[in-house]
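# Remarks on the overall topology
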Amino acid sequence: MISPSKDELVTITLNGVEVEVPNGINAVEAAALHGHEVPHYCYHPKLSVAGNCRMCLVEMGTPMRDRATGEAILEEDGRAKIGWVPKPVIGCATNVSEGMHLRTESDLVNECREGIMEFLLVNHPLDCPICDQAGECRLQEFATDYGRGYSRYVERKNVKPKRTRLGPRVTLDDERCILCSRCIRFSQEVAKDDVLGFVDRGSFSTLTCFPGKELSNNYSLNTVDICPVGALTSTDFRFKMRVWFLKETNSICSESSAGCNTTVSSREGIIQRITPRRNDLVNDTWMTDSGRELYKSVRAENRILRPSAGGKDLPLKDAISQVVDSLSGKRIAVVASCHSTVEEQVLTKRLIDSTNARTFLRGHFGEDDGILLSADRSPNLRGALVTGLIDQYPEDNLNSLNDALSRGEFDAVFVMNEDLVASGINEENLQNVTVVYLGTHSNSSSKHADVILPGLSVFEKGGSFINRSFIIQAFDKSVPGPAGLQSQVTVLAEIIKHLSEEDGTPSELDDIWGLVNNLEGSVLSSLLYSEVKKAVVQLDGSAWSHLNFVEQSALHYPPAMLAAK
Amino acid sequence: MSEQSPKERRIILKHTDDPAYSNRISSYLGVGGYENLKKAFGMKPEEVAEEVLKSGVRGRGGAGFPAGMKWKFLDRKSGKPIYLICNADESEPGTFKDRQIMYKDPHQLIEGMMIAAYAIGAKQAFIYIRAEFHEGARILNRAIDEAKAGGYCGENILGSEYSCDLVVHRGAGAYICGEETGLIESLEGKRPNPRIKPPYFPAVLGLYQCPTIVNNVETLCNVRHIVEMGGEEFSKIGKPNNTGTRIWCVSGQVMKPGYYEFECGALTLGQMIFDVCGGLRPGRTLKAVIPGGSSAKVLRADERFSGSLKDGTAFDWGLEDIPLDFDGPMAAGSMSGSGGIIVMDDTVDIVEAMANINAFYAHESCGQCTPCREGSLWMRKITQRMCSGGAREEDADLLLSVANQIEGRTICAFGEAAAWPTQSFVTKFKDDFIKKATDSQEERNPKSLQLI
Ligand SMILES: Cc1cc2nc3c(=O)[nH]c(=O)nc-3n(C[C@H](O)[C@H](O)[C@H](O)COP(=O)(O)O)c2cc1C
Ligand code: SF4
Ligand code: SF4
Ligand code: FES
């Protein structure tokens, strides 16, 4: 398709009012910019235009020109004469140009919408009371706006399959499908896994998987998100919860350095699902299926719920005193983490500096899927660089710590999050040192730890991560942590307070940002936390451009907006 | 085979029904075949296209768009290869003309296509033939082999620099494969879902997103005759804006149904039915005529049509006075479409006829866009119910309203094709629809339905 430059502005007349809009955007977007919603189903800003639902029909006209001379034809009052297209046109495939006239609110347009709504409902099962989409369903919404309120349809409805397993995570109800083809286009264009299609024709058209194939790619649940109706459902979330009971919190996916923007939906402190949130600079409107599963770790069996020392539970205050006792004046190795937030990393750095400890940090690397699962399987390795925790690119192990331990260079190891044995530490080497573990789940580190300090999961605290493109993104606390637990920054601040002579280590995020801003020469020093919370902030990552980052193609995953430029 | 009517002027079908004429190349060469290809190759491609423009020949596939004009819309700046496609999907109910040409005189089509290909500079040409025409595909393939052997098609045509391969592609067995962008999708190996226009105008973004010309079989055959006569001469056949001959396919309750080729405007609908086709069966009277394939709006026998033609002349016609050309049926509020004239006498149950047509469109809708997909099946269900003893008085208005919600709001012209019959049947024969309801009520006498 021809897409003219979208930077220049053109003047169009929208419902009789002259407005400015970027040249070449479609009528749906143009109208939205000026507060006029054009209802639509098949159009999705991140997919190709199919133009099949016909819900977005609008009236369009352009200034008339004389065929022979090419000159504009004028009305008697000197204004350009508008040639209105005799039939309504679809807004999603109508790109604005200078002087275009659009009517998104008129009798004809309303009549079209009412007609389409009626057609969409005649064979629809109307099973909202048992449908997961109810409450966030475009069909329900526009039926309220443009529905007739009664049915003229007395014939039998078509019958189609009610529960087709499309893949391990997606279940399809064909009777609800309005055949918008969004899911098909997503599979072809974004997931690059062309497995969905329609069989049969006319009103009997039925969405299905190609024979012998299934919708099992790691992006399959995005089809559920973009399905405007309740046809595609998440097998995990199906029949679990009415969506209007859900509390929604803005979050950032911690699965990899992609940093997908997410919405965490919870009810009464229990997370029910994670869905992607639109960010045109990071993840468009997509996220991985695997990232959506992460909430399950919150209530996993191996979650650490209480501080302990020597196998005995004890109050957090006492546990911290024990840690202070066992670390003070010792030769300490601190295993920092690229799963920690920027704020935690700032305090970790402070702990290291005030105790003359040495820093170790492990990277977590895997396969790069070229889309939104990047090879760096941690959310905040860039944070470790920016906060000065490390200046070298880490290895995917802690071998150097193991060697140092073999040589007896340390008395104590303070571990954040990492699993020491899985990172290459010889168990024997842990016998003669004190191990303190600050983490959320038990692993080999907690097994060998003398003192265990529980932490909060990413869903139970606020903070920020710096993603693979050096974009810093803040997230909020979605649900409360287990009773009695404190966030990592609180625990770290407490330890630092007792270990060092330094006063005033803050434990509130805003105050930690006060520290951050004092870091000299840091790319963070001019930032305010309130800014980070509000918007996408691109940091200057040039100081680290010499490093060999593991993200390959995914490092440059072009969200549609950037790709278009 | 139709018995030739004495008043016919056969240009396209000149030889088809001659018992001595076969569909082999020897027969074709015997009547001057491929001489016009040679003539065209002696001209510049633009000159050939210019002759076609001058001839005024309009498309015979349904919409009647001037072929020469269509060729001018080709996007030549893109530098992409240009394709020529012959639309041989002929599936409009009531239409059976292209089949005659392909089965009986395939070389005429091949010659027409190679001239057209040369004129537009096509890199490759296709004949997209209706799936059910097994024999037609076999005949065309054999003819193409013969033409290639004679140097009339394929590599270095007539020893020139110009090469253009011609391939027969069997259709996918659906009416919508005849809609040109659906056809293109199908030719690409996909479901024949018609494309949205804009931006996918075939002349700019057609087959494989390259500039493409789609023309009907009869249209492309005419190209051969245009070269033979010259555009100027050709345009003298028929009437201004309605040049050349047309092959009319008459079906329904006439004594001699069949295909008849006439100069445009040379006769009226009445002459066609009563003279050429031998009139109605004994004792019957005319009830309705669909003049251009089932998609065209029906005409009622006792209707009057008045207004003024494009050139300003006023007209006041009965059904029988409608001239058979492009503009006549159009002026009467319908269209000549694909030339399929369907005649219905007084024994026809109009609601049954409507139900039959609706069943076709509900079955053939590709299902892509909402109004056509849902509306066509809804209309089918209503008329089916009406014919099964369940008619209600309000059904007529409901049908009309459903059809109005389809027309002009769909991706392709199938929407109109499905809506026009209903709109015209219901408005023009409302009494028949109401009567169905009254009859239904009598039939529904509860006593007769009691279980015993
Ligand atoms: C639903 C539908 C079915 C069609 N079927 C045919 C067909 O079978 N044969 C044909 O030549 N044109 C058919 N057409 C018309 C084509 O889209 C196209 O206009 C035509 O092939 C162009 O050729 P022409 O300009 O030579 O008439 C159909 C159109 C529609 C909307
Ligand atoms: S399943 Fe949903 S997204 Fe897919 S075609 Fe049907 S309505 Fe559209
Ligand atoms: S109008 Fe009918 S046939 Fe044409 S694209 Fe829409 S659903 Fe398909
Ligand atoms: S949103 Fe435009 S046709 Fe569906």
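Here the structure is a predicted model, which is why all the values come from computation and not from measurement. (Residues numbered from 1 in each chain as written. Chains lettered and ligands numbered in written order. Predicted model: local features only at pLDDT ≥ 70, side-chain atom pairs only at ≥ 80, totals over all residues. Heavy atoms only, no water.)

Our focus in this paragraph is the overall build of chain A. Helices and strands together make up the secondary structure of chain A, namely 15 helices and 24 strands. Dimensions along the principal axes, computed over C-alpha positions, put chain A at roughly 90 × 55 × 40 Å. Buried positions account for 57% of the 565 residues belonging to chain A. For chain A, contacts bridging at least 24 residues in sequence account for 66% of all contacts bridging at least 6. (Helix = DSSP H or I, 4+ residues; strand = E, 2+ residues; numbered from the N terminus. Buried < 20%, exposed > 50% of the residue type's maximum accessible area, 1.4 Å probe, protein only. Contact = heavy atoms within 4.5 Å.)

So, on to the overall build of chain B. A count of helices and strands for chain B gives 19 helices and 13 strands. Here the C-alpha radius of gyration of chain B, 23 Å, is about what a compact globule of 452 residues would show, namely 22 Å. Along the first, second and third principal axes, the C-alpha atoms of chain B reach 80 × 50 × 45 Å. In chain B, once contacts between residues fewer than 6 apart in sequence are set aside, the share between residues at least 24 apart is 70%. Summed over its atoms, the accessible surface of chain B is roughly 17,200 Å², and 52% of this surface lies on carbon and sulfur atoms. Side-chain charges of chain B comprise 53 positive and 59 negative groups, with the mean position of each set lying 3 Å from the other. (Rg over C-alpha atoms; globule rule 2.2 N^0.38 Å. Areas by Shrake-Rupley, 256 points an atom, 1.4 Å probe, with all protein chains shown as cover. Lys, Arg positive; Asp, Glu negative; His and termini not counted. Charge placed at Lys NZ, Arg CZ, Asp CG, Glu CD.)

We now examine the sheet that holds strand 8 (residues 170-172) of chain A. Residue and element names in this part refer to chain A. Read from one edge of the open sheet, 3 strands run 7-8-11, paired in antiparallel fashion. Whereas interior strands pair on both sides, the edge strands pair on one side only; in this sheet they are strand 7 (164-165) and strand 11 (232-234). Inspection of the sheet shows strand 7 paired to strand 8 by 2 bridges, in the antiparallel sense. From the neighbouring strand, Thr164 faces strand 8, where its bridge partner is Leu172. (Pairing = 2+ DSSP bridges.)

All names here are of chain A. With respect to topology, 7 strands assemble into an open sheet ordered 16-15-21-20-19-17-18, the strand pairing being mixed. Both outer strands of the open sheet, strand 16 (312-313) and strand 18 (358-361), are each paired with one neighbouring strand and no more. Set on the sheet, helix 7 (residues 316-327) makes contact with strand 15 (308-309), strand 17 (332-336), strand 19 (412-416), strand 20 (434-439) and strand 21 (451-454); between it and strand 21 the angle comes to about 130°. (Axes fitted to C-alpha atoms, helices over the stretch in contact; angles between N-to-C directions.)

With that settled, consider the pattern of salt bridges. Residue and element names in this part refer to chain A. On inspection of all chains with the given rule, the structure shows 73 salt bridges over all chains. The salt bridge partner of Lys240 is Asp236, with a shortest N-O separation of 3.4 Å. Between Arg362 and Asp396 there is a salt bridge, with the nearest N and O atoms lying 2.9 Å from each other. Here Arg362 is found in the loop between strand 18 and helix 9 (381-386), whereas its partner Asp396 is found in the loop between helix 9 and helix 10 (399-406), with 34 residues between them in sequence. Under the relative-accessibility criterion, Arg362 is labelled buried at 13%. Residues joined in a network through salt bridges with shared partners are Asp127, Lys162, Asp173, Glu175 and Arg176. (Salt bridge = Lys/Arg side-chain N within 4 Å of Asp/Glu carboxyl O.)

Right, let's get into the pairing of strand 4 (residues 212-216) of chain B. Residues and elements named next belong to chain B. Taking burial as the measure, the 5 residues of strand 4 include 5 buried ones, the bulk of the element. Burial along strand 4 is two-sided: the residues Thr212, Val214 and Asn216 and Ile213 and Asn215 are all buried. Relative to strand 4, strand 1 (residues 83-88) runs parallel, the two sharing 5 bridges. Bridge pairing in strand 4 places Asn87 opposite Asn216.

What follows deals with the domain arrangement of chain A. Accessible area lost on assembly of the parts is the figure often given for the size of an interface. Segmentation of chain A into domains returns domain 1 (9-105) and domain 2 (308-563). For domain 1 of chain A versus domain 2 of chain A, the separation of C-alpha centres amounts to 52 Å. (Domains from an automatic or database assignment.)

What follows covers the site of ligand 3. The environment of ligand 3 is formed by 13 residues, the closest being Cys366, Gln368, Cys369, Cys372 and Cys412 of chain B. A breakdown of the residues in the shell around ligand 3 according to their chemical character gives 8 nonpolar, 5 polar and no charged. (Near = heavy atom within 4 Å. Nonpolar A, V, L, I, M, F, W, Y, C, P; charged D, E, K, R; others polar.)

Below, the discussion takes up a nonpolar patch on the surface. Residue and element names in this part refer to chain B. Together, Phe65, Met69 and Phe73 make up a nonpolar patch on the protein surface, roughly 290 Å² of accessible area in all. If you trace the backbone, Met69 turns up in helix 4 (residues 67-72). Under the relative-accessibility criterion, Met69 is labelled partly exposed at 38%. (Patch = residues over 30% accessible without salt bridge, like charges linked within 9 Å, V, L, I, M, F, W, Y side chains within 5 Å.)

Next up on the list: the side chain of Gln368 of chain B. Note on placement: Gln368 of chain B falls in the loop between helix 14 (350-364) and helix 15 (370-390). For Gln368 of chain B, a relative accessible area of 13% gives the class buried. A distance of 2.9 Å separates a polar atom in the side chain of Gln368 of chain B from the backbone oxygen of Pro194 of chain B. Apart from the residues within four sequence positions on either side, Gln368 of chain B is in contact with Asn52 and Leu179 of chain A together with Asn193, Pro194, Arg373 and Ile411 of chain B. (Polar contact = N/O pair within 3.5 Å; in protein donor to acceptor, adjacent residues only side chain to side chain.)

Moving on: the confidence of the model for chain A. Looking at chain A, pLDDT values average 93 and 96% of them are 70 or higher. Note on residues 561-565 of chain A: pLDDT under 50 across the span, and 7 contacts to partners over four residues away in sequence or across chains. (pLDDT = per-residue confidence, 0-100.)

Here we come to the interface of chain B and chain A. With 36 residues of chain B in contact, the opposing surface of chain A contributes 40 residues. The interface formed by chain B and chain A holds 3 salt bridges in total. Linking Arg201 of chain A and Glu364 of chain B is a salt bridge whose minimum nitrogen-to-oxygen distance equals 3.1 Å. Looking at the side of chain B that touches chain A, the elements that each hand over two or more residues are helix 14, helix 15 and helix 16 (395-406) of chain B. The leading source of residues in the side of chain B that touches chain A is helix 15 of chain B, at 10 residues. Of the residues belonging to the side of chain B that touches chain A, the class tally is 16 nonpolar, 11 polar and 9 charged.

On to unusual backbone geometry, then. The omega torsion of the bond from Lys197 of chain B to Pro198 of chain B falls at 0°, within 30 degrees of zero and hence cis. Within the element layout of this structure, Pro198 of chain B appears in the loop between helix 8 (180-187) and helix 9 (202-205). Cis rather than trans, the peptide bond between Pro198 of chain B and Pro199 of chain B has omega equal to 5°. Relative to the elements of secondary structure, Pro199 of chain B occurs in the loop between helix 8 and helix 9. A positive phi angle, close to 50°, is found at Asp284 of chain A, a residue other than glycine. On the secondary structure map, Asp284 of chain A appears in the loop between strand 14 (270-276) and helix 6 (289-292). Of the residues examined, Asp284 of chain A reaches a relative accessible area of 2% and is grouped as buried.

This paragraph deals with the packing of aromatic side chains. A complete count under the given rule lists 28 aromatic pairs over all chains for this structure. Measuring from centroid to centroid gives 4.9 Å for Phe465 of chain A and Phe475 of chain A, while their planes differ by 35°, and the two rings are tilted. Taken together, the positions of Phe465 of chain A in strand 22 (residues 463-466) and Phe475 of chain A in strand 23 (residues 471-475) put the pair 10 residues apart, joining distant regions of the chain. Overall, the relative accessible area of 1% leaves Phe475 of chain A in the buried class. Summarising the aromatic geometry, the rings of Tyr83 of chain B and Tyr208 of chain B are spaced 6.0 Å apart at their centres and angled 75° between planes, so their arrangement reads as edge-to-face. Of this pair, Tyr83 of chain B sits in strand 1 while Tyr208 of chain B sits in the loop between helix 9 and strand 4; the two residues are 125 residues apart in sequence, bridging distant segments of the chain. Over the face of the ring belonging to Phe245 of chain A we find Arg267 of chain A, whose NZ or CZ atom lies 4.1 Å from the ring centre. A cation over a ring is seen here: Arg382 of chain A above Phe549 of chain A, with NZ or CZ 3.8 Å from the ring centre. (Phe/Tyr/Trp six-rings, centres within 6.5 Å; stacked < 30°, edge-to-face > 60°. Lys NZ or Arg CZ within 6 Å of the ring centre and 35° of its normal.)

All names here are of chain B. Along its 12 residues, helix 16 runs 17 Å from first to last C-alpha, staying within 8% of the 16 Å computed at 1.5 Å per residue. Every buried residue belonging to helix 16 is among Asp395, Ala396, Leu398, Leu399, Ser401, Val402, Ala403, Gln405 and Ile406, and all of these are buried. The first or second residue beyond helix 16 is Gly408, which carries a positive phi of 80°. (Expected span 1.5 Å × (residues − 1).)

On the surface, Asp7, Glu8, Glu18, Glu20 and Glu98 of chain A cluster together to form a negatively charged patch. As for its position among the elements, Glu18 of chain A is in strand 2 (residues 17-22).

Right, let's talk about the packing of helix 2 (residues 107-122) of chain A against helix 3 (residues 138-146) of chain A for a bit. Packed helices, taken two at a time, are described by the angle their axes make and the gap between the axes. Residue and element names in this part refer to chain A. For the pair helix 2 and helix 3, the least separation of the axes is 10 Å and the interaxial angle reads 130°. Looking at the two axes, helix 2 sits oblique to helix 3. The interaxial crossing formed by helix 2 with helix 3 has left-handed handedness. Residue-level contacts link Asn110, Arg113, Glu114, Met117, Leu120 and Leu121 of helix 2 to Leu139, Phe142, Ala143 and Tyr146 of helix 3. Partitioned by chemical class, the residues of the contact of helix 2 with helix 3 number 7 nonpolar, 1 polar and 2 charged. (Parallel < 35°, antiparallel > 145°, perpendicular 65-115°, else oblique. Left-handed = near helix turned anticlockwise from the far one by under 90°.)

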